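In case you want the letters, here they are:
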Amino acid sequence: MGIVNIQVLDPSENNKELGKIMEDTFGLRKCIVVPNATYSQEVLTRIVTSQAVRYAVDLMKDHSCIGISWGTACYEFMHSFPDDSNLCDITVVPLIGISPLLTREYQLNESVRMFADKLRGNPIFIYSPGIVQDVSDKQRVLESSYMKPILERWDNMDMAVVGIGTTQGRSELRQYDCEGLSVHEEIIANRNIAVGDVCGRLFNIDGKFVEEEYNNKLIGVDEHMLRKVGNVMAIAAGPSKCVPIIGALRTGLIHYLATDENTVIQLLELMKML
């Protein structure tokens with residue numbers, strides 16, 4: 001009767017038109033835009049990450065060093081990476097210290113070991129927490145002998161793979177202070193509000209890393225180190241990532257982005273007001 005239409009969407013397809021708009025808007029070298037075939041955030045992240053892996057295989061070179069951050073997208077990237085890529089002698093280094101969260105996506109050392117095995121390379125483990133109690137503790141950690149190989153690699157990476165994190169919801173006090181403004185209206189009124197993070201470092205909607213105590217206590221790669229990396233790939237999918245993606249791309253740190261079609265459409269609409 002023509003009422004029901006069944007269509008199989010190829011997850012390897014890429015919306016090149018939307019990708020080109022993103023590349024022109026943010027100065028990206030490549031934006032991979034995957035068609036939305038699911039409403040499941042978990043499945044969507046896996047599909048987008050699989051396409052990021054396909055592209056990354058060609059970017060990676062033997063005898064190089066790749067840094068990788070924590071989070072669901074980076075975890076999926078390492079675990080979905082093929083065993084038969086023919087890459088070899090690649091050093092894998094975590095970009096941030098150990099998280100207090102016990103979920104597998106935030107415990108980097110084991111994933112780094114597994115990823116290095118796939119790349120026939122060498123893992124470098126980090127034994128520091130991702131955030132310390134105060135700045136003096138951070139200085140002691142950075143000066144320790146076990147951080148020396150990490151710092152050397154952070155300063156000499158060929159590629160980095162990062163997720164784009166979202167900030168937590170508004171607290172009751174902040175909700176009261178914003179006097180009924182929506183999140184987007186609040187961002188317009190106060191553009192220094194943190195809207196997301198890369199490697200744990202918080203940034204605002206204009207792509208500036210915010211000056212606050214949290215950033216100063218992080219044990220992780222910093223903005224200047226990331227700017228020296230030749231290829232930085234970010235992976236982020238889903239509507240909650242729209243505002244964080246805008247801020248992250250405005251930092252100028254990211255060369256490649258993998259995301260989904262609906263997120264890009266919403267993101268481009270938000271750009272008109274943000």
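Here the structure is shown first, and the text comes after it.
Quick look at the structure, then.

About the criteria used
- Residues numbered from 1 in each chain as written.
- Predicted model: local features only at pLDDT ≥ 70, side-chain atom pairs only at ≥ 80, totals over all residues.
- Heavy atoms only, no water.
- Helix = DSSP H or I, 4+ residues; strand = E, 2+ residues; numbered from the N terminus.
- Rg over C-alpha atoms; globule rule 2.2 N^0.38 Å.
- Buried < 20%, exposed > 50% of the residue type's maximum accessible area, 1.4 Å probe, protein only.
- Contact = heavy atoms within 4.5 Å.
- Axes fitted to C-alpha atoms, helices over the stretch in contact; angles between N-to-C directions.
- Parallel < 35°, antiparallel > 145°, perpendicular 65-115°, else oblique.
- Salt bridge = Lys/Arg side-chain N within 4 Å of Asp/Glu carboxyl O.
- Patch = residues over 30% accessible without salt bridge, like charges linked within 9 Å, V, L, I, M, F, W, Y side chains within 5 Å.
- Areas by Shrake-Rupley, 256 points an atom, 1.4 Å probe, with all protein chains shown as cover.
- Phe/Tyr/Trp six-rings, centres within 6.5 Å; stacked < 30°, edge-to-face > 60°.
- Pairing = 2+ DSSP bridges.

1. Quick word on the overall build of the protein chain
Stage number 1. Secondary structure assignment for the protein chain yields twelve helices and ten strands.
Stage number 2. Against the globule reference of 19 Å for 274 residues, the protein chain gives a C-alpha radius of gyration of 19 Å, in line with a compact fold.
Stage number 3. Judged by the C-alpha coordinates and their principal axes, the protein chain covers about 70 × 55 × 35 Å.
Stage number 4. Across the 274 residues in the protein chain, those meeting the buried criterion constitute 51%.

2. A short note on the environment of N215
Stage number 1. Residue placement: N215 occurs in helix α9 (residues 213–216).
Stage number 2. Those residues in contact with N215 that lie beyond four places of it in its chain are K138, G200, R201, L202, F209 and V210.

3. Observations concerning the packing of helix α11 (residues 242–250) against helix α12 (residues 261–271)
Stage number 1. Orientation of α11 relative to α12, taken along the N-to-C sense of each, is 70°, at an axis distance of 9 Å. When the axes of α11 and α12 are compared, the pair comes out roughly perpendicular. Contacts between α11 and α12 pair C242, V243, I245, I246 and R250 from the former with T263, Q266, L267, L270 and M271 from the latter.

4. Structural notes on the pattern of salt bridges
Pairing between side chains of opposite charge can happen when the charged atoms of each approach one another.
Stage number 1. Within this structure, the stated rule accounts for 13 salt bridges.
Stage number 2. E42 is paired through a salt bridge with R46; the nearest N and O atoms lie 3.1 Å apart. Remark: R46 and E42 occur in helix α2 (residues 41–59); sequence separation between them is four residues, near one turn of the helix.
Stage number 3. Of the charged contacts, one joins E110 and R113 as a salt bridge, the two residues approaching to 2.5 Å between their closest N and O atoms.

5. Quick word on a nonpolar patch on the surface
Stage number 1. A cluster of nonpolar side chains, M1, I3, V4 and I6, forms an exposed patch at the surface whose accessible area comes to about 620 Å².
Stage number 2. Tracing the backbone through its elements, the reader meets I6 in the segment before α1 (16–26).

6. As for the environment of L268
Stage number 1. Among the structural elements, L268 can be located in helix α12.
Stage number 2. Distance from L268 to T25, taken between C-alpha atoms, is 9.4 Å for residues 243 residues apart in sequence.
Stage number 3. Among residues more than four places away in sequence, those in contact with L268 are L18, I21 and M22.

7. Here's the deal with the packing of aromatic side chains
Stage number 1. Applying the stated rule across the entire model yields six aromatic pairs.
Stage number 2. Ring plane angle 50° and centroid distance 5.8 Å describe the contact between F77 and F81, whose orientation is recorded as tilted.
Stage number 3. Given the relative accessible area of 0%, F77 is considered buried.
Stage number 4. Among the aromatic residues, those joined into a ring-pair cluster are F77, F81 and F115.

8. Considering the sheet that holds strand β8 (residues 201–203)
Picture the strands of a sheet paired through backbone hydrogen bonds; they go either parallel or antiparallel.
Stage number 1. Strands sit in the order β6-β7-β8 across an open sheet of three strands; the sheet is antiparallel. Lying at the two open borders of the sheet, with one neighbouring strand each, are β6 (165–166) and β8.
Stage number 2. Taken together, the two bridges between β6 and strand β7 (residues 196–198) define a ladder with antiparallel strand orientation. Bridging from a neighbouring strand, T166 pairs with G196 of β7.
Stage number 3. The strands touched by α11 within the sheet are β6, β7 and β8, with β8 carrying the most contacts at an inclination of about 95°.

9. Notes on α11
Stage number 1. Burial runs high along α11: eight of the nine residues are buried.
Stage number 2. Within α11, burial applies to C242, V243, P244, I245, I246, G247, A248 and L249.
Stage number 3. One or two steps after α11, the chain reaches G252, where phi turns positive at roughly 80°.

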